Structures are given as structure tokens and as C-alpha cells.
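This is what each chain is made of:
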Number of protein chains: 2
Amino acid sequence: MAQKPSIPKGTRDFSPSEMAGRNWIFDTIRSVYRSYGYSEIETPSLENLSTLLGKYGDEGDKLLFKVLNSGDAFSGIDYSAYAIGEGSYNSNALSLRVSEKGLRYDLTVPFARYVVQHRDEIVFPFKRFQIQPVWRADRPQKGRYREFYQCDADVIGSTSLVNEMELVEIIDRVFTRFGLNVSIRINNRKILTGLAEVCGFPDKVVDITVAIDKIDKIGLDKVKEEMLARGLSEKAVAVIEPVLLLSGSNSEKIASIKGLLGGGSPSGIVSETGLKGVEEVSELFALIDGAGISNEVVLDLSLARGLNYYTGAIFEVKSLDYQIGSISGGGRYDDLTGIFGLPGVSGVGISFGADRIYDVLSALGKFPSGLTETTRLLFANMGSVPYIVPVAEALRSKGVPVEIYPDQVKLKKQFDYADRKGIRFLSINGTEEEASGTVNIKNLDSGEQRQFPAGDVDSILEFIA
Amino acid sequence: MAQKPSIPKGTRDFSPSEMAGRNWIFDTIRSVYRSYGYSEIETPSLENLSTLLGKYGDEGDKLLFKVLNSGDAFSGIDYSAYAIGEGSYNSNALSLRVSEKGLRYDLTVPFARYVVQHRDEIVFPFKRFQIQPVWRADRPQKGRYREFYQCDADVIGSTSLVNEMELVEIIDRVFTRFGLNVSIRINNRKILTGLAEVCGFPDKVVDITVAIDKIDKIGLDKVKEEMLARGLSEKAVAVIEPVLLLSGSNSEKIASIKGLLGGGSPSGIVSETGLKGVEEVSELFALIDGAGISNEVVLDLSLARGLNYYTGAIFEVKSLDYQIGSISGGGRYDDLTGIFGLPGVSGVGISFGADRIYDVLSALGKFPSGLTETTRLLFANMGSVPYIVPVAEALRSKGVPVEIYPDQVKLKKQFDYADRKGIRFLSINGTEEEASGTVNIKNLDSGEQRQFPAGDVDSILEFIA
């Protein structure tokens, strides 16, 4: 009995036309990364579970796909140890005995592992990019997959803000090439820390940021209510209120926040960390001003992305033409490799969300025309294959994709093939052409038809260009 | 306590220089596939176990990597069912309850699944290629990995031998671009069937082929002994003996084997299947003769590759310059999609062994020079980053990879960076250059140094070309 074929939930097949779009996205990102001196690496899909566990929080651990140790993972295991009448057993212990490997969850942790493992071969600062799939046992839903690609670039071993500037440039160049208008939002974790300090609740960074993040959606009063509900005092809320009302240019915002963190708030507290953050942001914006960025770059203190992870700059990119979540983001982390035994190495990186970018480009019709063209010219099969082969080969050697229809079937069927595959030129050659040493080529768009000496590759190339 | 990082046995990290070599291999193969009208697809790494199980034989089933159902796969399973005092339990049943997905084992079965699942969108004959990793829980050893890439092309829905010819052309073009001399070996499964038939042991195809395969290694007498040991009669061995002694050109071999299968053997038996195989081989070699193949193409009746699988042509490619197993291969299969509910669709395909090709190219020093160059020009950081940024951007916009050293550190350290990263041009600009609006560029190979107006991008491009 034949099986009805399907693929696991949350995974996808990519057809030739989808691949064309995706490859264009990947190639564009790859080419911009390379132009800034980032080098490509790849790490294995399978990592030791010990590398992955504990790096993504408890929720993340649950979303790891674990791989059974071998084909029959259950041989050699004494199951009676796990079968206790009362139904209690240690599932993690069993888990670790049957599975020591997992599928990578992101590209950052494997990169940190790579850096530590290969530290002696690496030239620091190490600028690497990586475009590979990752796997998450998330509940599949629209736009959320269990297997998807990430496109990361990170530079590790340099604290210079020139790196942050270049990553903003890269974001700008990539989206310019995609023909998309975006807003590049920048924040700094140290400023958020500073805010929590000057309002007297240094342990409430996350609560404060989450509340600030809602200002556009729920308005000032509700945000203040939420902060109170999250345990802040009236006085603390009064300190933060001016931040919620910040407006003007980036430099105006920077000046205000500098005053606030420098002792100018109602609490009078000075946050050294906060002022360091202001200094970083200020220097970064100065660098960005000279970098010829076409898209808007905005200081956005509500940016909370990866808050438990980033220690300096935080980036996030939103499409201005299409309503969708962030399509790129990143930030600086001061000690990613510490957990693998190499402390004190600072890094900063970004990632492009290829799936969302694909959706935006599709929705806005921004894919270049001709992207899905696979074959330029089809030689119909009239039984004269050996006559055609040298012509086809000559065209291929000039870089033109050419097909010979393999079967000698009705012309209608061959014509349909060209039509459905989007092939623009069709060449039909019978005994007459063979006798006269010519080939007949028809432009299926315009209807124009011409005859060429079979050896006149240059003229054929010109006609089908 | 820091973990000592490592990766699972049989998996690999790829460094920037290894990636450069691998990408060159993949891009070359991809570009040749495309020039023949093959379109790229991708399938998910995770397939349903039901798609994979039973497709690769019992041994293959054991080598499948199974993936646990979710983060904590063991919740909700009643383990007491598997804990029987006597130690007997059904491991497959447990296996299927905790794991419904597996990592793909090759690209062929997922392709068959893809064709059936997407039959209504596909334009037949469907020429697809696919370059993706596969996973096998094999015992790792030198040259054998648990995660490795396959590079497959198949055409499905056409029985024409023009497809076989084109695949031979593709093999020839790919290895020509690699600068490798290869021997392309061709066999036909129907001829092997015919041989078994005319010697009176139609069920001994595999035994006969395995014995023939050893002729070069163990000699005629031992091969005859082996065939007897495998249950063939003296008479049957006498029928096969002429095949073992076959020599001469492909057409001479074809003529001999045609005689043998057409009733000219001591048994006098005529094999219709065998003669069909001879006809196919004969037609294929005629097509190949007109296709301008640079490498040798040899009829090799000892080729047993994928015997239980292929039904027509069988291909195998060996390097003539370097001793290693086959570096490419393939064949025709008449009913790959039947198991998924679409019977009677014939296909033919090939695959390139990227890992072995990498080893051969490395050993013979055949990678193009400059492949690992990532950055053409490094601007040293003398504190004048904003002055340099527009020059760097102008060069990048012309497609030249350019870096600005991010940190303002000792020049020695920046120079070392350029040296270790293989950057050929270094630009050092201080207050003097900034004042005069120039940039200083040094060719680190030749020592030649020149000064350019900062805006004269064309002259800079010419110097660093």
C-alpha cells in the first residue's frame, strides 16, 4: 500500500521558484558581509547536548531537538530502572542516556563554541558570517517554523564601536539592495541599566523596559500603571516619565537622557553605567552620521530585544513598507565565550530574518524580474539530437543555460514544457535545418523568429540575450 | 566551571579557508547543473520516520538518526509498558512512540517524496538538483562522516537516453572545470540481468557481478572459483568467462556482449532483457560520441554500484590522478516514486562526492589561487575612521572587499592582522594624509607604495586590482 507522503509540521519544501528568491536573499546578504571582510564558516547541525543545554534558559532547553544516540538507541539500556510502579522516574536522566546530541538552536552558541575550540587558528578580531538552518521544537504557526535559516555576522575580540557602525552600514546596504525602506532602531543596555539605577530599582531593568516598550500601544497612563503594578514606587515612575516623553532628534534625545542619568532626575542619582551607555550611543551616532546611511537610524530606548544577553548596543530593524515583526537585529555581548572557557572576549553581531524578508519581498513584489528563469533556450526534440548537441554545448560554454527536450514527443507537449518552465526561446529544427546547417530560434514573447548558421554562436547569443 | 568544547564524532567545523574550497566545489557543480536546465530545490532535514524507514534496507534503518518528539520527549509516555522483568521489550515500538522524525539519510528518497507530494505543481520531465547535508549514524572513520553534503541531480519523468548523455556531459564538464582527469565508467543493469539469464542462474545477478568485480584484484582463476563457490555450475562459469576476458574499444565490447546475450554463448540462451541493455548502452555511447567529452568513458561490466536499486544505466567516476574511491556516480531507476503512490515514473540521476573531491583537489593543489582571499585592502586605524569610511564605502560599492581595522592599536598588531588574513594591500593614513585629502596604499607583496587623492576611486581600484 502506498504511503501518503508528508513532511513534519513546521518544516518546508522549497520549490525551484522559492529557491530562486531565497538564494537571492542569501547571496545578497553574503555578498555584503564579504565586502566588509566577514569570512564564512559552517558548524555541524549536530552539537553535543552539553554544548546546547543551559544556554537558552529553561524554555530554550525544552525547545531543543534531541537526537537518539544511534539507529537503535534503545539497545543496551536497562529500562527497568525507569519503570517504577508509582510512575515517578527521572526523565532527564533517561533523556541524557538515550541522547547526547541535539540539533543546533541558533548560530551564536555554536559560534562561541567554535571560537573557543579553534582559538589558536583564529585571527582576532574575528569577523565571521554563517548562513545555516537551525531547529526549534516550537509550536508551529504562521511564520514560525521548526526548521529555518539564520544569517548571522559577528565580530569577536574587539570593543571598538567601529564594529557597531559597520554592522549598521551592512544592515543599510542589504536593505537598500533589497529595495526595502527600513527603520534601524538602536538602544544600549547600559542606558537601561542606568535608568533602573537612577529610579532606585536597579533590579527592575526588565520590568521598566517591558513597560516602556508598550508606550505606543497603551499610552502614558497605562504604562505608569503597569510600572506601579510591577513594584516600582510613585517616585521611581516620576523619574522614568521624561524618558517616556522623549522626542526630537537622536542628539536631542541623547542630551536629555544624559541629563537624566547624570543626576538631573528627581532622585538626583548619578549612574556611571548609564553615562557610559550614553557615551557609547553618542559616539556610535557620530560614526553613523559619517557613514552615508540611506535608511533612518533612530535611538529607541524601548528596545528590549535580548535583554538578558546583550551588554552594550542593541539593534532592531523594522520594515517601513510592510507590517511585520523585526526583520533584522543584534547587539553586543561582553562574554559569550566565557561559558566555554575563554572569558573576557567581547563580541557584537547581527542576524537577518530570511523568512520574514522573503515574505516582505513577496508581498511588495520586490524580487528582481527574471530571478526564476532557469533556462534561456529550449531545443525541441525532433529526433535530431546529435545535430543539436554541439550548438547547445557552445551556448552553455558561454554561460547560457540551455536544454534539449529529452523525448521525441508531440511538439505541443514540448511547447507546453517551455511555457510552464518560463523558457523564453524555443528552437525547432528538422531535417531541413540539419540539411542546410542552420538553427531556427523563436522568441516566445515577441513571436520573432530567426534562422542562424549552426556555428554562428555569437549571433545566436545576441538574439537570445 | 568552564566546559571543554567539542563536537560530536563524525561531524566537522569548516573554517573560512575550508569554506572557500567547499563553496568553489558547490558553486562549480551548481553552475554546471544550471547550464543544463536543472533547478534547485531544498527539502527539510527532518523527515517523518515513515518516509525514511524501509527505504535503505535493514542496515540503513539502523543508520538513521532519530529525533525525539519534543524537548522533553519522555513526558506522557508510560514507561511501565516497556519494563518487563525478563528484560524483553519491543524497542521499535518504544522507538516509534518517542520519535516520529529522523534526519534525512540521502537526497533521493526525500526527492521521491517531494515529487509525489508536489506532483501537481511540477513540470515534467522534472530536472532538479539539490545540495544539502545528510546524516548517517555510521561508525566514523577517515573520510567517513556522520554529517556530510550530497550534490544530486536527477531528471524524472523521461525515459530518453538523452538524459543519460547529458549527465555524462555534466560529469565531464564539472571535472574539467576542477582540472581533474577522470574515468567515467558505464554499465547497464539489464546486461547484468541478461548475463545471469544466459548462464541459467537468473537469480544470481548479484553473485555474478560481485565476482566479475574482482577480476582486476584476484585474477581469472580465483574469480571462477568464487563463482563456483557462490553456487554457479561449471557450465554457467563457462558462459561468463568470455565476459571476464572482454577487451578492446567500447564498441568491440558491445559487439561481443551482444553476441553472447543473443544466443551465442555455450548455453544458447537468448536474453531479451540483456539485448535491451545492449541496445541502451549502444545508443548511449553513440550519443556520447557526439557530445565532445574530454574524459575517457568506458563500458565496465563489473560496475555493481547500487545494484538493487538501478534498473538501467549505472555510472561511476574515478580519479585518474589520485587513488581514492569513486568520486561521482549514479544511474537509472524505474520506479522510485512507487512507494509513495506514484508508480511507473522513471528517473536517472548522479551525485558528486564533495568530500572526496575536496580531498583530491587539496592533495593535487588544484584549488584556484586567490580562493581564500577574503579582503583586498585593509585601512589601518590611526584614529581617522570618519575620514576613511567614505573611501572604504566607495570601494565596496565597486565590489571590492575592504576592511577598516576596528581598534586604534599598535601598527604592528594591525599589520599582523593583514598578514595572517592574507590581505594584500594596506593603507595607513594619519593627520598628514587627512590634511592633504589623500590616501596612502601599499602593496604588501611587491612593497610598492602610492598616494591617491581620496576621491580618485578609479585609480585606487586600478592599483589594487
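These remarks concern the structure in this document. (Residues numbered from 1 in each chain as written. Chains lettered and ligands numbered in written order. Predicted model: local features only at pLDDT ≥ 70, side-chain atom pairs only at ≥ 80, totals over all residues. Heavy atoms only, no water.)

**Some remarks on the overall build of chain A**
Consideration 1: Within chain A, the regular secondary structure consists of 17 helices and 16 strands.
Consideration 2: Each of the 465 residues in chain A was classed as buried or not, and the buried ones make up 57%.
Consideration 3: For chain A, the computed accessible surface area is about 18,800 Å², with 48% contributed by carbon and sulfur atoms.
Consideration 4: One way to put it: in chain A the 52 positive side-chain charges average out to a point 3 Å from where the 62 negative ones average out. (Helix = DSSP H or I, 4+ residues; strand = E, 2+ residues; numbered from the N terminus. Buried < 20%, exposed > 50% of the residue type's maximum accessible area, 1.4 Å probe, protein only. Areas by Shrake-Rupley, 256 points an atom, 1.4 Å probe, with all protein chains shown as cover. Lys, Arg positive; Asp, Glu negative; His and termini not counted. Charge placed at Lys NZ, Arg CZ, Asp CG, Glu CD.)

**Considerations on the interface of chain B and chain A**
Consideration 1: Listed as interface residues are 112 residues of chain B and, on the opposing side, 111 residues of chain A.
Consideration 2: Summed over both partners, the interface of chain B with chain A comes to about 8,600 Å²; 56% of that surface belongs to carbon and sulfur atoms.
Consideration 3: Our count for the contact surface shared by chain B and chain A stands at 10 salt bridges.
Consideration 4: In this structure, the salt-bridge partner of Arg173 of chain B is Glu393 of chain A, at a minimum N-O distance of 2.7 Å.
Consideration 5: Taken together, the connections running from chain B to chain A amount to 38 residue pairs in polar contact (both at pLDDT 80 or more).
Consideration 6: Taken together, the residues of the side of chain B that touches chain A break down into 52 nonpolar, 33 polar and 27 charged. (Contact = heavy atoms within 4.5 Å. Buried area = accessible area lost by both parts, 1.4 Å probe. Salt bridge = Lys/Arg side-chain N within 4 Å of Asp/Glu carboxyl O. Polar contact = N/O pair within 3.5 Å; in protein donor to acceptor, adjacent residues only side chain to side chain. Nonpolar A, V, L, I, M, F, W, Y, C, P; charged D, E, K, R; others polar.)

**Notes on the relation of the copies chain B and chain A**
One copy of the chain maps onto the other through a rotation about an axis plus a displacement along that axis.
Consideration 1: Between chain B and chain A, which share one sequence, the superposing operator has a rotation angle of 180° and an axial displacement of 0.0 Å; the RMSD is 0.1 Å. Accordingly, the operation relating the two chain copies is best matched by a two-fold axis. In terms of C-alpha distance to the rotation axis, chain B has Val67 of chain B as its closest residue, with the C-alpha 2.2 Å off the axis.
Consideration 2: Both copies contact each other with a shared surface, as 99% of the interface residues of chain B are interface residues in chain A too. (Least-squares fit on C-alpha atoms with pLDDT ≥ 70 in both.)

**Quick word on the nonpolar core**
Consideration 1: Grouped together as the largest cluster of nonpolar side chains are 97 residues, with contacts concentrated most on Leu395 of chain A together with Ile170, Phe175, Phe178 and Phe352 of chain B.
Consideration 2: A total of 10 residues in this core trace back to one element, the largest contributor, which is helix H6 (residues 161–178) of chain B.
Consideration 3: With 96 residues, the next largest nonpolar core counts Ile29 and Leu260 of chain A together with Phe379 and Val402 of chain B among its residues. (Core = buried A, V, L, I, M, F, W, Y, C linked by side-chain atoms within 4.5 Å.)

**Thoughts on the environment of Ser39 of chain A**
Residue and element names in this part refer to chain A.
Consideration 1: With respect to the helices, strands and loops of the structure, Ser39 is situated in strand S1 (residues 39–40).
Consideration 2: Classification of Ser39 as buried rests on a relative accessible area of 6%.
Consideration 3: Residues Ser39 and Ala153, spaced 114 residues apart in sequence, show a C-alpha to C-alpha distance of 9.0 Å.

**Notes on the sheet that holds strand S5 (residues 126–135) of chain A**
Residue and element names in this part refer to chain A.
Consideration 1: Read from one edge to the other, the open sheet built from eight strands follows the order S1-S5-S6-S11-S10-S9-S7-S8, with strand pairing classed as mixed. With one partner strand each, in any of the chains shown, S1 and strand S8 (296–299) form the two edges of the open sheet.
Consideration 2: As judged from the 10 bridges shared by S5 and strand S6 (residues 147–156), these two strands associate in the antiparallel manner. For Phe126, the partnering residue across the bridge sits in S6 and is Ile156.
Consideration 3: In the packing of helix H5 (residues 108–117) onto the sheet, contacts are made with S5, S6 and strand S10 (328–333), and the angle to S5 comes to roughly 135°. (Pairing = 2+ DSSP bridges. Axes fitted to C-alpha atoms, helices over the stretch in contact; angles between N-to-C directions.)

**A few points about the packing of helix H7 (residues 189–198) of chain B against helix H12 (residues 272–289) of chain B**
Residues and elements named next belong to chain B.
Consideration 1: Orientation of H7 relative to H12, taken along the N-to-C sense of each, is 150°, at an axis distance of 7 Å. Handedness of the H7/H12 crossing: left-handed. Along the contact surface, H7 presents Lys190, Ile191, Thr193, Gly194 and Glu197, while H12 presents Thr273, Gly274, Lys276, Gly277, Val278, Glu280 and Val281.
Consideration 2: Considered class by class, the residues forming the contact of H7 with H12 number three nonpolar, five polar and four charged. (Left-handed = near helix turned anticlockwise from the far one by under 90°.)

**Description of the packing of H7 of chain B against helix H8 (residues 205–213) of chain B**
Residue and element names in this part refer to chain B.
Consideration 1: Following both chains from N to C, one finds H7 and H8 inclined at 105°, their axes separated by 9 Å at the closest point. Taken together, H7 and H8 sit at an angle that is classed as roughly perpendicular. Facing Arg189, Leu192, Thr193, Leu195 and Ala196 of H7, the residues of H8 in contact are Val205, Ile208, Thr209 and Ile212. (Parallel < 35°, antiparallel > 145°, perpendicular 65-115°, else oblique.)

**Examining the pattern of salt bridges**
Here the idea is simple: oppositely charged side chains can pair when their charged atoms come close.
Residue and element names in this part refer to chain A.
Consideration 1: Considering all chains together, one arrives at 65 salt bridges over all chains under this definition.
Consideration 2: As a salt-bridge pair, Arg30 and Glu40 come within 3.7 Å of each other at their nearest N and O atoms. Of this pair, Arg30 sits in helix H1 (residues 16–35) while Glu40 sits in strand S1, and the two are 10 residues apart along the sequence.
Consideration 3: Residue Arg30 is classed as buried on the basis of its relative accessible area, which comes to 18%.
Consideration 4: The exposure class of Glu40 is buried, given its relative accessible area of 7%.

**Topic: helix H17 (residues 457–464) of chain A**
Residues and elements named next belong to chain A.
Consideration 1: Inspection of H17 places Val457, Ile460, Leu461, Phe463 and Ile464 among the buried residues, and these make up the whole buried set. For H17, the angular spread of buried residues about the axis comes to 165°, placing them on one side. Turned more than 90 degrees away from the buried face of H17, the exposed residues are Asp458 and Glu462.
Consideration 2: Buried-residue contacts for H17 involve strand S12 (377–379), helix H14 (385–397), strand S14 (425–427), strand S15 (438–443) and strand S16 (449–453). (Arc of directions from axis to C-beta.)

**A word on the layout of surface pockets**
Residue and element names in this part refer to chain A.
Consideration 1: Looking at the second largest pocket, its volume works out to about 1,600 Å³.
Consideration 2: Around the second largest pocket, the lining is made up of 49 residues, and of these Asp106, Arg136, Phe148, Gln150 and Arg305 lie nearest the centre.
Consideration 3: The set of elements that each furnish at least two residues to the lining of the second largest pocket consists of H5, S6, S10, strand S11 (347–352) and helix H13 (354–363).
Consideration 4: Its residues assigned to classes, the lining of the second largest pocket shows 20 nonpolar, 15 polar and 14 charged. (1 Å grid on protein atoms, 1.4 Å probe; cavity = no way out; pocket = protein on both sides within 12 Å on 5 of 7 lines; lining within 4 Å. Points joined across faces, edges and corners; volume = space filled by probe spheres on them.)

**A look at the sheet that holds S16 of chain A**
Residue and element names in this part refer to chain A.
Consideration 1: Taken together, five strands build an open sheet; the order of strands is S13-S12-S14-S15-S16 and the sheet is mixed. Since the sheet does not close on itself, it has two edges, and those belong to strand S13 (402–404) and S16, each with one partner. Neighbour-to-neighbour, the strand axes of the sheet open up by a mean angle of 25°, direction not taken into account.
Consideration 2: With five bridges joining them, S15 and S16 adopt antiparallel strand pairing. Pairing of Ile441 across the sheet is with Arg450, part of S16.

**Quick word on empty space enclosed by the protein**
Consideration 1: Tallied over the full model, the rule gives four cavities of 30 Å³ or more.
Consideration 2: One number sums up the size of the largest cavity: a volume of about 110 Å³.
Consideration 3: Taken together, Arg12, Phe14, Arg22, Pro133, Glu147, Phe148 and Tyr149 of chain A together with Glu42, Thr43, Pro44, Ser45 and Gln132 of chain B make up the full set of residues lining the largest cavity.
Consideration 4: For the lining of the largest cavity, the leading source of residues is S6 of chain A, giving three residues.
Consideration 5: Split by residue class, the lining of the largest cavity holds five nonpolar, three polar and four charged.
Consideration 6: By volume, the second largest cavity amounts to about 70 Å³.
Consideration 7: Residue lining of the second largest cavity: Glu42, Thr43, Pro44 and Gln132 of chain A together with Arg12, Phe14, Glu147 and Tyr149 of chain B, and that is the complete set.
Consideration 8: Of the residues assigned to the lining of the second largest cavity, the class counts are three nonpolar, two polar and three charged.

**Looking at the packing of aromatic side chains**
Consideration 1: All chains considered together, the criterion is met by 30 aromatic pairs over all chains.
Consideration 2: Where Trp24 of chain B meets Phe367 of chain B, the ring centres are 5.9 Å apart and the plane angle is 65°; that geometry is what we call edge-to-face. With Trp24 of chain B in helix H1 (residues 16–35) and Phe367 of chain B in the loop between helix H13 (354–363) and strand S12 (377–379), the pair connects residues that are 343 residues apart, well separated along the chain.
Consideration 3: Three or more aromatic residues link up through ring pairs in this structure, and these residues are Trp24, Tyr33, Tyr38, Phe129, Phe175, Phe178, Phe352, Tyr358 and Phe367 of chain A.
Consideration 4: Looking at Arg12 of chain B, its charged tip hangs above the ring of Tyr145 of chain B, at a distance of 3.3 Å from the centre.
Consideration 5: Lying over the aromatic face of Phe111 of chain B, Arg128 of chain B brings its terminal NZ or CZ to 3.9 Å of the ring centre. (Phe/Tyr/Trp six-rings, centres within 6.5 Å; stacked < 30°, edge-to-face > 60°. Lys NZ or Arg CZ within 6 Å of the ring centre and 35° of its normal.)

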